[in-house]
Structure formats: C-alpha cells, structure tokens
Number of protein chains: 4
Amino acid sequence: MNNLMSFASDNNAGMHPRVLEALVHANRGMAPSYGADEYTAAFEEAVRAAFGPSARPWIVANGTAANVLALKSMLRSHEAVLCANSAHINTSECGAAEAIVGCKLLVAPSFQGKIKAEDCLPFLEQRENVHRAHPKVLSISQATEWGTVYTPEELANLGAFCREHGLYFHMDGARLANAAAALNLPLKAISVDAGVDVLSFGGTKNGLLAGEAIIFFNETLGREFGRIRKQHLQLLSKMRFMSAQFLAYLKDDLWLENARAANRMAALLAEELEGVEQVCFEYPVQTNVVFARLSKNAVAKLQERFYFLIRETSEAKGTLVRLMTAFTNTEEEVRGLADAIRDCKE
Amino acid sequence: MNNLMSFASDNNAGMHPRVLEALVHANRGMAPSYGADEYTAAFEEAVRAAFGPSARPWIVANGTAANVLALKSMLRSHEAVLCANSAHINTSECGAAEAIVGCKLLVAPSFQGKIKAEDCLPFLEQRENVHRAHPKVLSISQATEWGTVYTPEELANLGAFCREHGLYFHMDGARLANAAAALNLPLKAISVDAGVDVLSFGGTKNGLLAGEAIIFFNETLGREFGRIRKQHLQLLSKMRFMSAQFLAYLKDDLWLENARAANRMAALLAEELEGVEQVCFEYPVQTNVVFARLSKNAVAKLQERFYFLIRETSEAKGTLVRLMTAFTNTEEEVRGLADAIRDCKE
Amino acid sequence: MNNLMSFASDNNAGMHPRVLEALVHANRGMAPSYGADEYTAAFEEAVRAAFGPSARPWIVANGTAANVLALKSMLRSHEAVLCANSAHINTSECGAAEAIVGCKLLVAPSFQGKIKAEDCLPFLEQRENVHRAHPKVLSISQATEWGTVYTPEELANLGAFCREHGLYFHMDGARLANAAAALNLPLKAISVDAGVDVLSFGGTKNGLLAGEAIIFFNETLGREFGRIRKQHLQLLSKMRFMSAQFLAYLKDDLWLENARAANRMAALLAEELEGVEQVCFEYPVQTNVVFARLSKNAVAKLQERFYFLIRETSEAKGTLVRLMTAFTNTEEEVRGLADAIRDCKE
Amino acid sequence: MNNLMSFASDNNAGMHPRVLEALVHANRGMAPSYGADEYTAAFEEAVRAAFGPSARPWIVANGTAANVLALKSMLRSHEAVLCANSAHINTSECGAAEAIVGCKLLVAPSFQGKIKAEDCLPFLEQRENVHRAHPKVLSISQATEWGTVYTPEELANLGAFCREHGLYFHMDGARLANAAAALNLPLKAISVDAGVDVLSFGGTKNGLLAGEAIIFFNETLGREFGRIRKQHLQLLSKMRFMSAQFLAYLKDDLWLENARAANRMAALLAEELEGVEQVCFEYPVQTNVVFARLSKNAVAKLQERFYFLIRETSEAKGTLVRLMTAFTNTEEEVRGLADAIRDCKE
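The rules we used
Position labels on residues start from 1 in each chain and follow its written sequence. Chains and ligands are labelled sequentially in the order written, the chains with letters from A and the ligands with numbers from 1. For a predicted model such as this one, the threshold for reporting local features is a pLDDT of at least 70, and the threshold for listing and counting side-chain atom pairs is 80 or more; totals across whole chains, interfaces and linings nevertheless cover every residue. By convention in this description, side-chain values take in all heavy atoms of the structure and omit both hydrogens and water. Runs of H or I in DSSP of at least four residues are treated as helices and runs of E of at least two as strands, each being numbered from the N terminus. C-alpha atoms define the radius of gyration in this analysis, and the globule rule sets the expected value at 2.2 Å times the number of residues to the power 0.38. Only protein chains enter the accessibility calculation, which uses a 1.4 Å probe. A residue is then buried if its area is under 20% of the maximum for its type, exposed if over 50%, and partly exposed in between. Residue contacts are defined here by distance: any two heavy atoms, one from each residue, within 4.5 Å place the two residues in contact. Accessible surface is computed with a 1.4 Å probe, and the buried area is the amount of it that two parts give up when combined, taken over both parts together. By convention in these notes, a salt bridge is any Lys or Arg side-chain nitrogen within 4 Å of a carboxyl oxygen on Asp or Glu. Residues adjacent in sequence count toward polar contacts only when both atoms are side-chain atoms; beyond that, a polar contact is any pair of N or O atoms within 3.5 Å, and within protein one must be able to donate a hydrogen and the other to accept it. Gly is put with the polar residues, along with every residue not named as nonpolar or charged; the nonpolar set is Ala, Val, Leu, Ile, Met, Phe, Trp, Tyr, Cys and Pro, and the charged set is Asp, Glu, Lys and Arg. The copies were overlaid by least squares, fitting only the C-alpha atoms of residues that reach a pLDDT of 70 or more in each copy. Working rule for helices: expected span equals 1.5 Å times residues minus one. Paired strands are those between which DSSP finds at least two bridges. Fitting a line to C-alpha atoms yields each axis, with helices limited to the stretch in contact; the angle taken between N-to-C directions then spans 0 to 180 degrees. Each angle gets one of four labels, with under 35 degrees taken as roughly parallel, over 145 as roughly antiparallel, 65 to 115 as roughly perpendicular, and the rest as oblique. Left-handed describes a crossing in which the near helix is turned anticlockwise from the far one by less than a right angle; the clockwise case is right-handed. In this tally Asp and Glu are treated as negative and Lys and Arg as positive; neither His nor the chain ends contributes. Grid points spaced at 1 Å over the protein atoms alone were grouped into cavities, where a 1.4 Å probe fits but cannot get out, and pockets, open sets with protein on both sides within 12 Å along at least five of seven lines, with lining residues defined by an atom within 4 Å of a point. Grid points are joined across faces, edges and corners, and a volume is the space filled by probe spheres set on the points. Confidence per residue, as judged by the predictor, is encoded in pLDDT with a range of 0 to 100. Definition of nonpolar core: a set of buried residues of the types Ala, Val, Leu, Ile, Met, Phe, Trp, Tyr and Cys, connected through side-chain atoms within 4.5 Å. For the purposes of this analysis, a disulfide is any pair of cysteine sulfur atoms at a distance within 2.5 Å.

**Q** Which residues make up the overall build of chain A, and what values go with them?
**A** Scanning chain A from terminus to terminus reveals 14 helices and 13 strands. In summary, chain A has a C-alpha radius of gyration of 20 Å against a globular reference of 20 Å for 346 residues, a match within 12%. Projecting the C-alpha coordinates of chain A onto the three principal axes gives extents of approximately 60 × 60 × 35 Å. Per-residue burial over chain A gives 64% buried out of 346 residues. Nonlocal contacts in chain A, meaning residues at least 24 apart in sequence, comprise 74% of its contacts between residues at least 6 apart.

Listed below in structure tokens is the structure:
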C-alpha cells in the first residue's frame, strides 16, 4: 500500500510527536525494570487522576492482550462472556479468549454494535444448568466496532443490569478516547461511573507506539493480576517506556486532542458524502469511522488510490467499506477521498 | 533504586541511540499495520543476511513470549521439554510454558547451566509409556542464565543428539549476542549451524526499547506461526516500530558492539575482583555477568549504593549475588563497584 | 422424579441385559490394565468388522469426552470448528471444546439441526485472515439434537466439501445407531463411507453402563491419540469392562436392536399424537425423539406424571417439549403418555 | 500377559462380587441421569457418614481425573503445586496437571515418597516474586507411590503447615483404603482430621469397575465443582451405576476388607522373602506393594511366569521391581511368587 493513501485503520498512523518526545526523555540513564521505575509510578497516579481513586492500571502490549487478560482476570474456563457479534474479542482476536481464558463467548443480540440489557436476560435463564457455560461477564465496546457510542444512560442501564445479576462488566475501550470526544464527556463518566469493573483502555490507535492499559475498578479482580500479566506474556521489562508514553498521552489531555482530530475527520468525510447518490451510509457516524456501501466498480476504482478495508461483499446491497480516520489525517486528505468517491458515479 | 547504581540487569539500560533514531525515522507518515510495512520486509531480509536463507523471523514483545511461543510451535500439550533447572522457561516465566503450551518441563542434569546430550538419554527411555509426557524438545540457553557459553562443539553434539532422537532443538538466545561476542563467532555459527530449529533471539536486553524475534530455521514448524502469534497476544499493530528497531540492531552489527561493551565490563569487574579475599566466584565469567559469593554484611553494605540481585542466601556459603553489566556501563562505574566490594573487607 | 415415568432422555434407561452379562463375564480373574487385555483386542476387531479396516477405535467415558477429544486430535487452538447452533458441542458441554481444545466454534446456518455445505462457504472466505480463527473442522451430529437424520447423499455432499476445502470431517454419533436404524443402513454407510475422518460413536444412550468410542478413519489424526486420551483424563485402568460392553453391543447387532426399539416407540408416540389439536410437531420424527409444542397448562399437568425436558418457553408459540424414548420403553408406556397428552385438551 | 500371573498392579483385579451385585441391583428401571438419582443421594450420605458432615463428594471416572480436577478446583494457572518427585501427578498422568490446570509442579524433597513441612519452606521464600509460579497447594499421596504411609502425626504437621502458610492441602488417596488398613485407623482420621481440603478417594484399585471420588472438605473450593467436572469430561450420565458401586464399597466397610486382604498379601510376600540373599528391599512394606532389587537374570527368569513392573534398571544396584498385590490374590499365588524368587539364586 505504500503508494496508497490509507484510510484502513487508525493504527496506520504513527506516534504523536509528544509521545515520541516522552520516549526520548525516558531514555536517560538506567531504570529498574518490570515497572519499579518512576515513570510507572507517575503513570499510575495519572490514571487515578483521570479515572478516580479506585483505578488500578496495568500496561500490556496490545489490544488483544488488554481484552483477553481482562477477561482472564474475571472468569474461569467454565464461565462465559456475553458480547455482541461484532465484538473485537469475537471476530478479530483469532479465538484468543477461547484459547487463553478457555471461556465461551455467547453472542447477545445487538443493534449497530450495541447491546441492550433486556436482550441478555434469556442467557441468564439457563444459568444453573451444569451443561451450559455459566454467563459471568458482559463485555461491550465503547466505541463499538461500528463506530457507534453508548450514551451514559445506556451504560448506566447495563451497569445496573450487571450488578443486579451478578455479572462483571467489561468495557473494550480500544477507542474509549474517541467515544469520550464524541460525547464530550470525561473518560471517567463513560467507564467507572457506569459501573465498569475492568476497562481495556486503548492507546495505540490514538497516538502511541504500542501499549494499552487494563484498568481495574474492582479491587478483588485485580489482586492477582501481576502474575496473570507475567504468565500471559505481557510483562515488558523496560516498562518505563510504556509508562512514559501513557504519561504523555494523559498529560494535557493529549488523548482528547487526538481523538477529536480523528473524529472531526470522519465527520468531515460524512458531511462531504452526504447526499452523494452512490453512497449509502450503513451506520451513524459518531466517532472516527464511516461505513458506506459502494458499488463493486466504485470500490475497485478507489482501491487504485486508497487503502481501506472491506467488511462485506454483497451482490444485492453493494460492498460495505470501512473508511477510518486517524489523528494524523488532514482535511485535504479527507476531501481528496470524498472527491474520489463522488467521481465514482457510474 | 533511583538513587542507586544498577548492576541488577541489562534490562535496566535504555535504548541505544541508533535504535531511538530508528524509531524517529519510522515515525514518518502512515504505514500498513501488522507487519505489512516496508520496515518489516527489510527486517526479514536483514535476518536472512545474518542467519542464512532458511531463517523466518517473527517479532514478539518480550523474552517470555519468544520462548513460550517458540515452544508452542513445536509441541502439543502431551509432549515435554528437556531443559536445565536454571532455564528461564523453568524459573522465571511464572509457569507460562505450562499454562500456555500445557507441556511438562523435564529438568535434565546440567553443570553451570549447560546440558550434555548423554544426560538426556534416560528421559528418552520411557518415551513410549503413555503415562509419561513425551519428550519432544531440547531447550538450551545461549548464553546460559549463569553467563556461561556453549562452545560450537558442544552445540553440534546437542544438535546431532536431537536429530538422532527426533527432538526439536530450541535455543533461548535472549543473550545470544553476548555469547557470539564471547566466542567471537557470527550469530549463525552458534545457532542454525548447530542444528537449532527455533531460536528466541533477544533484543531488549541489548539496546532495544522492547522486542525479541522468534526465528524458525525449520520451515514446517513455522508454517502456522502467524496465527499462533496473533492468538497469543503478540501481534503488535504498529509493527514498523518493532521492525525498525531490529533493523538498526542488525545494521553495522550494533548487536555485536553492544554485546562486546557489556561483556567487557563484566570482564573488567572480574579482573578487578580477582584475588580479593572476600569474593568467591561461582561461575566462570564468560559474558556480561559476574556471580560472586559475598558475606551477608558485605551485601548489606553494598546495597546502600548499588542495586543488584541476590540469587541464594546461605549461612554456610555466603550470599550469591548477580552483578550484571549492560552496554551502557562505563569503566568508571564498574571500578566504583569493584572498589566498594574491596572495601567490604571485614 | 422417582415416581414419575421418564421420557427425559435415553440415558435414563439402564444397561441392556446382554451388556450386564458381558460385565459379569469380564469379571473373571486378573487382566492387564489400560487396554492391554483380550477384550480390548477383540473390541478393536469388532469395530473394524463394522466400520472397515481403516477404523481405529479408542474408548472414553462419555459423550462430551468423545466429542471434545475428537476435536482435540484434529485442531490446534488457533483453528475453528464449523457446527450447527444446536450441536451438542455448542450447547451442552459447558464450553468444554473451548476450554480443552481452546478452539472457537463458528455457528453455521442449519435447518432442523442439519448443515448444508454451501452455507459453510462464507466462513472459508476469511480463512487467510490472521485475525480470525481458521476453520479446520466441520462437525455434524448424526442423528441431530432435533432427532433428524442426514441422508447418505447429504453426507456425501458434506464429505466432498470437506475434502475440497481441506476441512476435517467430524461426526458426533452419540445416536449414530438411531440414525442407522432410521435409514436402514449399516453404521459404515453413514460414517466412514461419507468421508468422516473421526467419529464419536455412542454407546451409553443405547444400552451401555458408560462408554463411547472415538473412531479414527484418518490414520494421521489418530497417531498421538493414546497420549491425548491419557492426558485428558479418559484412560480407564480396567479397560476390559469398557471393551466388554462394546463387544456385547456390536455382537449380533445389539446396537441395532436397541436403536430400532427406541425409534419405534417415538414413531408410535408421533402416530398417536397425529391430529391431536393441542399438539404441534416442531421437527419431523425420524429417530427416538418427538419435539412438540404444548400449552403451558398442558405441560404443567403432564409434569405431574411424567418427567421430560423443556427446550423453549414462549408465550406466543407455547412450550417446546422434548419427549425421548429409550430401548426399554414399552408400547404401554408410550400409549400412556399419548393418552395423557390427549387429555390435556383445554 | 494372559498366561502370566499378575503382580503388576491392583488394577489388574476385577470387581468385588458385592460391587457387581450393586450394578445388577441398580439396573432396574429408569433413573434420572447426571446424579439426580437416589443412588447418588445415598452415596453422598454414606460419604458423610464415613468422613464427617463437611464432606462433599463428586464421582469421576479415574484417578488422574480425581487428582487433576481436585487441583483445578484449588488453583489458577499462575499458581503452583508442591509435591514429591514420585507423586502420581508428577510421573504418571502424562502431564495432565500442566495441560489442564496450567499450573507448575514444584518438586519438594521427599524420603520414601513422603514430604516434610520444613523442606517446603524454601519454596515459599520467593512467593511474592512475580516471575515465579506462586505455590498454593501441597499435594501428598497417602499411601505413597512407594507404598509407604504417613502417620497421623506427620499428617497433622503438614496440615498445620498448610494452614500457617495459606496453602491448600490435597491428598491423592488412590490407595487411602490401604493406608487406613495399615494404620488401623478410620478414613476420616487420616484425611479430613489432618486438615485435608480436598481428597482424591480411590475406588478402582480396590474392587470397583471404575470410579474415584473427589471429596471436598473445604466448602468454598467445591462451590463451582459441578461445572468443572462437566467441562472436564467427567460427568457420567448414568451416574446411578457409579454411585451404586461406591455405596457397596462403603457399606459394611468393604473398602477395608479389600484393603486388608491386599495388604496382608504384600506382608506375606515380604515375610517370605525376608533373609533371601538375592533380594534387597528398597522401601518398608507398609501397604500392598513390595519393592525389591533383583539381579537382571532373576528378573528375566521371573518374567517367564509373572507379570510385574520394572521401576529402575541399574547395572550397579540391580533392577528395582514393583510387586503389587490386590484383594483378589491368594496366599498360594503369593507363595508361588516367593518360591520363584527364591529359586532365582544364581
């Protein structure tokens, strides 16, 4: 793709300059390994400043690790996770939850990637049946894989449902920053305040080199997590570099600046494409992604200049493409894409 | 430890400036994720230049991941690994091999961390007994956890033994660079040339931010490794940064420069301590670590100024300390430590 | 339920007298353990007589073990199984496949419990995507959990599809005997002849005390199975008793006699209920089970005298009940149940 | 071996006639499956009568399952088990604990198969080191694999040690009956009274067709065990037959009668061989097994008439053979073996 303009994923962007600067800064002298350094201590403080005093964060290398080890801390293998069909844990982690937690994923009904509490109820009816995996966690994505966002009310409903039914509440927040930017709310308000027990808090897709944080708000669940992280291949020795990135990310709300930038570009793209005959929007554009149906020919033509993902191919409905923006995208780039799509009129 | 001088581990050092530079360089523009970028392609070429055309490398985040996923590619859960008691997989990975591969580790006799083929033979006698885990891999560390180094002849013997008995040959090369520097041999000569099937090739301890490479020399074993890496939480999205580090590491033999520097500092420390009455060397100093027995009082006094690891506490024999050097250590620092030890005379 | 007449499951019946007799016979003297006895040798011969010379059988304790270990022999954790939503491995084994194989189950569309090859095709499109679990096995149930039966043509189609696409073909034959009886075909014709690689061949539900056989028709897949069975808790020491049961089961086609008896009773029940206004059949009655929709009141009344399973409760459609017959049921018992249902008219 | 007299294992014996009788009795009529039957209820009562009111038993198919699932209930994968080198879980279960629990086994020093508390202490020193698997269970065998027996005082010491250090106490009681018979103490006195949390209580080796019981004395540990048993392939559908066997086994102390018979035969064998020049006893004969060193020639000659296991072959010390007796052995058989050994004089 090297000569193509990428709208494939926000992970096609690099580091934000302030993140890189933090790495340079952290590279001075020796430092204790495995998290006993001062950057990690400061990072933990910064997380508590953002998420409240109950927050206990642990950095891991990537989003799959953040989700799977969050689940590992909440579940034994005979228990199950309720999630949307579109959940990253269900579709995009090569069966890691099943392999590493050993748990079953139970697909709850969802609309535009979002789950409603009442649709989870039937899964709880057979809860005492020893032949069925026992539902123990509700896992949602905020923002969802379709770019949609749960409102605080929707989150509060799900949190109350979990408490009522003895479920742990997990949030895949690989794009929590984008959701917070979209809702114009603090990170805290759409995670711990809604009763989330364990949060996978993304960094990579929004300006880090690598790194996600698993944040425990439920003290009991996090108690053994140091060993779980180590055993599951996620304890990085030069932790100072991971923590330094996150420090830069939280400082002066860099996460918000980046997320807003990315969201704005998706909004611009959607605006530009509004009313264009050959484009059919599949999902409301709320964060940094536009899903649109285009004709097969249009897609082929666009692929000559742009790199993006295809989510579904259908003779009847056209091809569903994912056009994702990153904090590095410029208005010019987005307008260039919009122009190209407009030109695809057959 | 922040006010202490660290001789705790080579992972207390940061990045080499040329590695940091490579990160800066790689941060330009967008790039495809998950290894489809040009840095990764160049890295793969560089590995083949160093290790020969059969080498197929995959980057993972840390040494535990490199070892455990190497084993995962070679073993099913009913099979077993022969290794030394001191092996990192046995003592320092929180049981990750057992948890993630499901395999049994069988501890073969070793001397100074090194295994001899003939001592492995008894483990093969019960190989057809269905009640026993079936030995399938021999895993050695080069350099060993005690800083010792297998000679090419010793490696060739082990390689021949593996071929003769249908064992796969795994090498934990977290410090392969230090071993190569010690032996004054190319990386290739002490790995693939000895019949190693899968190598864990370290980078973090020798100047990278993070990253180790699993290198397959046995084509069949590596065939499914893309999925194994993804499922086991080790596929980093912004792979260009991982690959760029390794490119810098292999370019102009930076790995060798760093390893030589670290080894030289350990040699200097050993030299300085030679003949010092209160110091008893426990292992030959061949790479970048000195193991010495000191009195309890000496250790306590040293800990006021230096940070290092204690490996064993014994009333009778004294305390076994590990003094490890990194590529960043200066002669002055090492002499300072030696002076301090000399001053501990009671 | 002890005062209730059971139509809950065929596993509510005991042993056939000839199976019990075989246990008595096998209880003479000492015998080598773990399958080195003469009963086991004779059992293996009997399986080859029934299924052809490629058959390699291994006895395990129950149906869940038979299915899960069959899958274990065919899959690594990053691979996936295509199965129907109703598959026993998906609904009734407490997530054992996920926990023990680590694999993902992908639910293929099905009708009346049966899968068509063309509906599996979409799952193969993303086969090279490293983020998805890699489909490697098609698993079907013969007879299905809804009591329906694949015809030889349907099986041949699926077998050809598997070969064409590099899938292994697994058959959950917990009730293979009932399917063979229904189709009036030999066991062989509806398993190995259709290209099945590994068969879970049921015994318990059709007259044994306990015991199912995993039969490999694919030599490579079975090669390591002795260790897989042992490690996964299924190697019984006094194997002679397991083998002796199966010998009696295969001798003089006792399996067929029992299956025919059970099927006949379900057919009788269906016949008796035909045209009864308050009964709505949900699935064609082909083996030893009748699924019917009854009103909530009717169900409550029946539960006073009969023990049976409820599969779904729906205000709109009524309650879906499973009425299953065993080889021990008498015509009188079945007529008694039919009379009771008829009397439930509101 | 079919023409050889077996002293290979107590599992070469069949069922006791009263166990067979119980199967015949349990085969009347239909019964609910999966343990909802009256035999299972009565069995649970009988266990509480024998082991006290805290006992919660669950039947599984074999001894490996009993041990591994007991450990599964007590451990997460990042925790470890302290056990003797000779422990069945360590040597004879094909790595099942590692594969199914994912835990590490740490081999504690032992003498004649028995562990002392003080020898476990060093393993607890590194307990807070996140790189090490965390010791959480002490597992001992009563009787041991060498036929030796812990005294009540030794057990009490170990129990106190476990409580003091927050370890769970597991007992592999595959031959608990033989130990109780040897000590002339009730089952309770050498298990729950010593602080055992979870007991694997053997039946198969002492007169059952198949079946072992996992007995929880620690209520918390057993709470989820129904699902653990089901998921790990050990929930037998026709449970009445398993429970009926154990009922017969506990009734009128059949377990004791059988264990005494087997022990008596080993004592007789030891008595007969006492002072025989070419026999060197390796372990004190306390239960139903004699370990003796014989010359290579003697072993070869004996193998013409007898079937037994060889535990070690050594040029210097001779061959270590295991001669195990079962409840079915007669004095004549044992004297025949003793005569044959005596005749092996060179």
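**Q** Describe the interface of chain A and chain B, and please don't skip the residues or the numbers.
**A** Between chain A and chain B, the contact holds 53 residues from the first and 53 residues from the second. Between chain A and chain B, a total of about 4400 Å² is buried, with carbon and sulfur atoms accounting for 60% of that surface. Where chain A packs against chain B, one counts zero salt bridges. The interface formed by chain A and chain B holds 36 residue pairs in polar contact (both at pLDDT 80 or more) in total. Going through the elements one at a time, α1 (17-26), α3 (63-74), α5 (96-101), α10 (225-231) and α11 (239-250) of chain A are the ones with two or more residues in the side of chain A that touches chain B. In the side of chain A that touches chain B, the residues fall into 26 nonpolar, 21 polar and six charged.

**Q** Tell me about the relation of the copies chain C and chain D, residues and numbers included.
**A** Taken as rigid bodies, chain C and chain D are interconverted by a rotation of 180 degrees and an axial shift of 0.0 Å, the fit giving an RMSD of 0.0 Å. Such values leave the two copies arranged in the relation of a two-fold axis.

**Q** Describe the relation of the copies chain A and chain B, with residues and values.
**A** Of the transformation superimposing chain A on chain B, the axial component is 0.0 Å and the angular component is 180 degrees, with the fit at an RMSD of 0.0 Å. Interface residue correspondence from chain A to chain B reaches 100%, placing this contact among same-surface, isologous pairings.

**Q** I'd like a rundown of the interface of chain C and chain D, residues and numbers included.
**A** Contacts between the two partners involve 53 residues from chain C, matched on the other side by 54 residues from chain D. In total, about 4400 Å² of surface goes out of reach between chain C and chain D, with carbon and sulfur atoms giving 60% of it. When residues of chain C are sorted by the area they lose upon contact with chain D, Met30, Leu233 and Lys238 of chain C head the list and together hold 19% of the total. One can count zero salt bridges joining chain C with chain D. In this structure, the connection of chain C to chain D is made through 36 residue pairs in polar contact (both at pLDDT 80 or more). Elements supplying a minimum of two residues to the side of chain C that touches chain D: α1 (17-26), α3 (63-74), α5 (96-101), α10 (225-231) and α11 (239-250) of chain C. Considering each element in turn, the side of chain C that touches chain D owes the most residues, four residues, to α3 of chain C.

**Q** Hey, could you go over helix α12 (residues 254-273) of chain D for me, with residue numbers and the actual values?
**A** Residue and element names in this part refer to chain D. Relative to the 28 Å expected for 20 residues at 1.5 Å per residue, α12 spans 29 Å between its end C-alpha atoms, a close match to the ideal helical length. Counting buried positions over the 20 residues of α12 gives 15, a clear majority of the element. Of the residues flanking the end of α12, it is Gly275, one or two places downstream, whose phi is positive at about 80 degrees.

**Q** Break down unusual backbone geometry for me, with residues and values.
**A** Generally, phi is negative for residues other than glycine and the peptide bonds are trans, each holding for most cases. Ala143 of chain B follows Gln142 of chain B through a cis peptide bond whose omega is -5 degrees. Relative to the helices and strands, Ala143 of chain B resides in the loop between β5 (134-141) and α7 (152-165). A positive phi is found at Tyr34 of chain A, a non-glycine position, where the angle reads about 60 degrees. Its location among the elements puts Tyr34 of chain A in the loop between α1 and α2 (38-51). One non-glycine residue, Cys94 of chain A, lies in the positive phi region at around 50 degrees. Its place among the elements puts Cys94 of chain A in the loop between α4 (88-91) and α5.

**Q** Pulling in residues and values, what's your account of the sheet that holds strand β13 (residues 319-324) of chain D?
**A** Pairing between sheet strands relies on hydrogen bonds along the backbone, with the strands arranged either parallel or antiparallel. Residues and elements named next belong to chain D. Taken together, four strands build an open sheet; the order of strands is β9-β10-β13-β12 and the sheet is antiparallel. In this open sheet, the two edge strands, each paired with only one partner strand, are β9 (280-281) and β12 (309-312). As paired strands, strand β10 (residues 289-294) and β13 are joined by six bridges and run antiparallel to one another. When the sheet's bridge partners are listed, Leu294 is paired in β13 with Thr319. The strands touched by α12 are β9, β10 and β13; relative to β10, the strand with the most contacts, the crossing angle is about 30 degrees.

**Q** Report on the packing of helix α6 (residues 117-125) of chain C against helix α7 (residues 152-165) of chain C, specifying residues and quantitative values.
**A** Residue and element names in this part refer to chain C. Contact pair α6 / α7: the axes reach a minimum separation of 10 Å and the direction vectors enclose 20 degrees. With respect to α7, the axis of α6 lies roughly parallel. Crossing geometry of α6 relative to α7 is assigned as right-handed. Residue-level inspection shows Ala117, Cys120, Leu121 and Leu124 of α6 in contact with α7, the latter providing Leu158, Phe161 and His165. Per-class residue counts for the contact of α6 with α7 are six nonpolar, one polar and no charged.

**Q** Go over the sheet that holds strand β13 (residues 318-324) of chain A, please, and point to the residues and values.
**A** Residues and elements named next belong to chain A. Spatially, β9-β10-β13-β12 is the arrangement adopted by the four strands of the open sheet, whose pairing is antiparallel. Sheet topology places β9 (280-281) and β12 (309-314) at the edges, where each strand pairs with a single neighbour. Where strand β10 (residues 289-294) lies against β13, six bridges are found, and the strand directions are antiparallel. Residue pairing in the sheet places Arg293 in a bridge with Leu320 of β13. Across the sheet, helix α12 (residues 254-273) touches β9, β10 and β13, and the angle it forms with β10 is around 30 degrees.

**Q** Let's hear about the pattern of salt bridges: which residues, and what values?
**A** When the charged atoms of two side chains with opposite charge come close together, those side chains can pair. Applying the stated rule across the entire model yields 55 salt bridges over all chains. The shortest N-O distance in the salt bridge between Glu312 of chain B and Arg293 of chain B comes to 3.2 Å. In this pair, Glu312 of chain B is assigned in strand β12 (residues 309-314) and Arg293 of chain B in strand β10 (residues 289-294), connecting sequence segments 19 residues apart. On the basis of relative accessibility, which here comes to 32%, the residue Glu312 of chain B falls in the partly exposed class. Residue classification places Arg293 of chain B among the buried positions, given a relative accessible area of 4%. The salt bridge partner of Arg335 of chain D is Glu331 of chain D, with a shortest N-O separation of 3.1 Å. Of the two residues, Arg335 of chain D and Glu331 of chain D are both situated in helix α14 (residues 331-342); the distance of four residues between them amounts to about one turn of the helix.

**Q** Go over the side chain of Lys136 of chain B with me, naming the residues and quoting the values.
**A** Residues and elements named next belong to chain B. Here Lys136 lies in strand β5. Of the buried charged residues, Lys136 lacks a salt bridge, with Glu79 as the closest side chain of opposite charge at 5.0 Å. When residues no more than four places from it in sequence are discounted, the contact partners of Lys136 are Met74, Leu75, Glu79, Ala80, Gly166, Leu167 and Tyr168.

**Q** Can you tell me about empty space enclosed by the protein, naming the residues and giving the values?
**A** Counted under the stated rule, the structure contains eight cavities of 30 Å³ or more. The computed volume of the largest cavity comes to approximately 690 Å³. Every residue lining the largest cavity is counted, 37 residues in all, and those nearest its centre are Ala99 and Ile100 of chain A, Ala99 of chain B, Ala99 of chain C together with Ala99 of chain D. At the level of elements, α5 of chain A, α5 (96-101) of chain B, α5 of chain C together with α5 (96-101) of chain D are the ones that each hand at least two residues to the lining of the largest cavity. Counting residues per element, the lining of the largest cavity draws most heavily on α5 of chain D, at four residues. Classifying every residue of the lining of the largest cavity by side-chain character gives 16 nonpolar, 12 polar and nine charged. Computed from the structure, the second largest cavity encloses a volume of approximately 220 Å³. Examining the composition of the lining of the second largest cavity, we find that three residues originate from one element, α3 of chain A, more than from any other. Residue classes in the lining of the second largest cavity are distributed as four nonpolar, eight polar and six charged.

**Q** An account of the confidence of the model for chain A is needed here, citing residue identities and associated values.
**A** The share of residues in chain A with pLDDT of 70 or more is 99%, and the mean pLDDT across the chain is 96. Two numbers describe this predicted complex: its pTM, 0.97, and its ipTM, 0.97.

**Q** A description of the nonpolar core should follow, citing residues and the corresponding values.
**A** Of all hydrophobic cores here, the largest spans 136 residues; its most connected members are Phe51 and Phe201 of chain C together with Phe51 and Phe201 of chain D. Apart from residues lying up to four places away in sequence, Phe201 of chain C is in contact with Phe51, Gly173, Leu176, Leu187, Glu212, Ala213, Ile215, Phe246, Tyr249 and Leu250 of chain C. Grouped together as the second largest cluster of nonpolar side chains are 135 residues, Phe43 and Ala180 of chain A together with Met171 and Ala194 of chain B included.

**Q** Can you break down the state of the cysteines residue by residue, with the values?
**A** Within the structure shown, the criterion is met by zero disulfides over all chains. Here Cys83 of chain A stays unpaired: no disulfide links it, and the sulfur of Cys103 of chain A, its closest cysteine neighbor, is 8.9 Å away. Free cysteine: Cys280 of chain B, not disulfide-bonded; nearest cysteine sulfur from Cys344 of chain B at 16 Å. According to the relative accessible area criterion, Cys280 of chain B is partly exposed, its value standing at 42%.

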